[in-house]
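Coordinate inspection notes
One letter stands for each residue in the lines below.
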Amino acid sequence: MSSPKTYVTHLECSMTGERAEADRVHNLSPAGWPLLVRYDLERMKGEVDRDAVAARRAITQPGFWRWRELLPVRRDEDVVSLGEMDTPLVLLPESAKAIGLKGPLLSKEEGRLPTGSFKARGLGMAVAMAKGFGITKMAMPTNGNAGAALSAYGARAGMETWSFCPEDTPDVNVREIAAQGGHVFRVNGLIHHCGKLVGELKEKAGWFDVSTLKEPYRIEGKKTMGIELAYQLDWELPDAIFYPTGGGTGLIGMWKAFDEMEKLGWIGAKRPKMVAVQAAGCAPIVKAYEAGNTHAEEWMDARTLAAGIRVPKAIGDFLILNAVRESGGFAIAVEDGDIERARTLAGTKDGLLLCPEGAATLAAAEKAVADGRLERDARVVLFNCGTGLKYPLPDRSKRLDRHAPLDLASILTS
Ligand SMILES: *Cc1c(COP(=O)(O)O)cnc(C)c1O
């Protein structure tokens, strides 16, 4: 059986539309903006059957690798796989009730992916492309999960990787990066400071810079969330998608996927409201959205327990804001206290442990129901972007002395 071919044609500057050649190593466009990958959708429409692609279950094409025609990787031997899967959509009936939603409330459980977060999608794709280009050294700034995915997929592809993270990055992340063969540094600054370090060192060190949106293929990996979601919902998108937004790769990628799928005739014109969720302690996109601006200013003194969305400055800010506005969605910020309450709600009532960023989307949905921006009968998808197990959890256990007389009443009421 011949392997699926990609319909990639070229790349395009997301700001100026200037063309760039496919099958070349790229970072930003000559004008300094993210590049987007383009496909010959017209031809693909005539040649590729949606349901045949969706039905693909070959061992070499699990999870997001199934959508090869809409991905930039040409050769089978460049595919790097660690056992990807379609991440389940899990209903949150009790949480829905508690926040006043009638319609189905679904969590897309991205923590089930290799390395425990949706960063596997983007970095899997970036590493596969880099492998095809013969790149052997990659570096990036990371809040943890991206570095973990880079180190794992990089190790798998025989590459050397360097991750630079803020010094207060969750300990598990930092150790995980090293355990999968990556070099890892804790830096006394935030993620954009780490990005600056990579920028200063990369030329001398011979690193390929795989920073969010400074490399065009992570978006292509992340867009598979949108394709997979459509497929799982029988090709009808939900009413609203709540996405925890840092650099915004996933939100931009899904928006791109919806457009591509409509051109292919895979879905209709209906779009979900795209909701960019940020933490109140680091909400540059929300601020720009509310001010009606095209770009966001750097957020000073960023702080939140949701490390994955602590991104003070996103190079793709205009693409995030554009998707949010075009979709009729909005950008919304939630307090850390609300994030913790939402995590407790989903965990204790629905048995689903959310990561703080995933919990932020539940908190945001609650807020949006309360202020009327989300209809009570909306069909809503939250992105629980990583496994809740990577984050410090409060210790709510009690001590029991097995030598002391047992007091059953106090155990049962504890
Ligand atoms: C990276 C990350 C995010 C933000 O994703 P973007 O697509 O870059 O905005 C949110 N949550 C977690 C857990 C992450 O690792």
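These remarks concern the structure in this document. Predicted model only: the values in this text are computed from it and were never measured. Throughout, a residue's number is its position along its own chain's written sequence, starting from 1. Thresholds applied to this predicted model are a pLDDT of at least 70 for local features of residues and 80 or more for the giving and counting of side-chain atom pairs; totals over whole chains, interfaces and linings are not thresholded and use all residues. For the side-chain quantities, the full set of heavy atoms in the structure was used; hydrogens and water were omitted.

Elements are defined by DSSP. Helices are runs of H or I of four residues or more, strands are runs of E of two residues or more, and each kind is numbered from the N terminus. Across its full length, the chain holds 15 helices and 13 strands. The quantity called the radius of gyration is restricted to C-alpha atoms. Its globule counterpart is 2.2 Å times the number of residues to the power 0.38. Its C-alpha atoms give the chain a radius of gyration of 21 Å, within 12% of the compact-globule value 22 Å for 414 residues. Considering only C-alpha atoms, the chain reaches an extent of 75 × 50 × 50 Å along its principal axes. Pairs of residues are marked as contacts when any of their non-hydrogen atoms sit within 4.5 Å. Look at the contacts in the chain between residues 6 or more apart in sequence, and 71% of them connect residues 24 or more apart. Carbon and sulfur atoms make up 52% of the accessible area of the chain, which amounts to about 17,300 Å² in all. The charge count includes Lys and Arg as positive and Asp and Glu as negative, but it does not include His or the ends of the chains. Where a charge lies is defined by one atom per residue type, namely NZ (Lys), CZ (Arg), CG (Asp) and CD (Glu). Each charge sign in the chain was given a centre, from 53 positive and 54 negative side chains, and these centres are 1 Å apart. All accessibility values rest on the Shrake-Rupley procedure with a 1.4 Å probe; residue burial counts only the protein chains present in the view.

For sheets, the rule is that strands pair by backbone hydrogen bonds, running either parallel or antiparallel. Strand order across the open sheet formed by 6 strands is β4-β5-β13-β10-β11-β12, with mixed pairing between neighbours. Each having just a single partner strand, β4 (89-91) and β12 (330-334) make up the two edges of the open sheet. Direction aside, neighbouring strands of the sheet carry axes that sit 30° apart on average. Running over the sheet, helix α10 (residues 249-264) touches β10 (240-244), β11 (273-279) and β13 (380-384) and is turned about 175° from β11. Geometry is summarised by axes, namely lines fitted to C-alpha atoms with helices restricted to the contacting stretch, and by angles between N-to-C directions that run from 0 to 180 degrees. Across the sheet, helix α14 (residues 356-370) lies against β5 (105-109), β10, β11, β12 and β13, angled at about 110° from β12, the strand it touches most. Strand pairing follows a simple DSSP-based rule, namely that at least 2 bridges must link the two strands.

In a regular helix each residue adds 1.5 Å, so 15 residues correspond to 21 Å; helix α4 (residues 119-133) covers 21 Å between its end C-alpha atoms and thus fits that length. For α4, the set of buried residues is Lys119, Ala120, Arg121, Gly122, Leu123, Gly124, Met125, Ala126, Val127, Ala128, Met129 and Ala130. In this structure, the buried residues of α4 make contact with β5, β6 (137-141), α5 (145-156), α8 (217-222) and α9 (224-232). Backbone geometry just after α4 places glycine 134 at a positive phi near 80°. To estimate the expected span of a helix, count its residues, drop one, and scale the result by 1.5 Å. Burial classes follow relative accessibility: with a 1.4 Å probe on protein chains only, a residue under 20% of its type's maximum area counts as buried, one over 50% as exposed, and anything between as partly exposed.

Taken together, 17 residues lie near the ligand, and Lys119, Lys222, Tyr243, Gly246 and Gly248 sit nearest. For the ligand, an oxygen atom lies 2.9 Å from a polar atom in the side chain of asparagine 145. Against a free-state accessible area of 380 Å², the protein chains account for coverage of 96% of the ligand. Those elements giving two or more residues to the shell around the ligand turn out to be β10 and α10. Broken down by class, the residue content of the shell around the ligand amounts to 6 nonpolar, 8 polar and 3 charged. Here a residue counts as near a molecule or strand whenever at least one of its heavy atoms sits within 4 Å of it. Within 3.5 Å is the distance limit for a polar contact, defined as a pair of N or O atoms, with the added protein rule that one can donate a hydrogen and the other accept it, and that residues adjacent in sequence qualify only through two side-chain atoms. Each residue is assigned to one of three groups, with Ala, Val, Leu, Ile, Met, Phe, Trp, Tyr, Cys and Pro labelled nonpolar, Asp, Glu, Lys and Arg labelled charged, and all others, Gly among them, labelled polar.

Turning next to the packing of α10 against helix α12 (residues 317-326). Running from amino to carboxyl end, α10 crosses α12 at an angle of 50°, the nearest separation of the two axes being 9 Å. The orientation of α10 relative to α12 falls into the category oblique. Relative to α12, α10 is oriented so that their crossing is left-handed. Across the interface between the two elements, Leu251, Ile252 and Trp255 from α10 touch Leu319, Ile320, Ala323, Val324 and Glu326 from α12. Residues that form the contact of α10 with α12 fall into these classes: 7 nonpolar, no polar and 1 charged. Angles below 35 degrees are treated as roughly parallel, those above 145 as roughly antiparallel, those between 65 and 115 as roughly perpendicular, and all remaining angles as oblique. Helix crossings fall into two classes, left-handed where the near helix is turned counterclockwise from the far one by less than a right angle and right-handed where it is turned clockwise.

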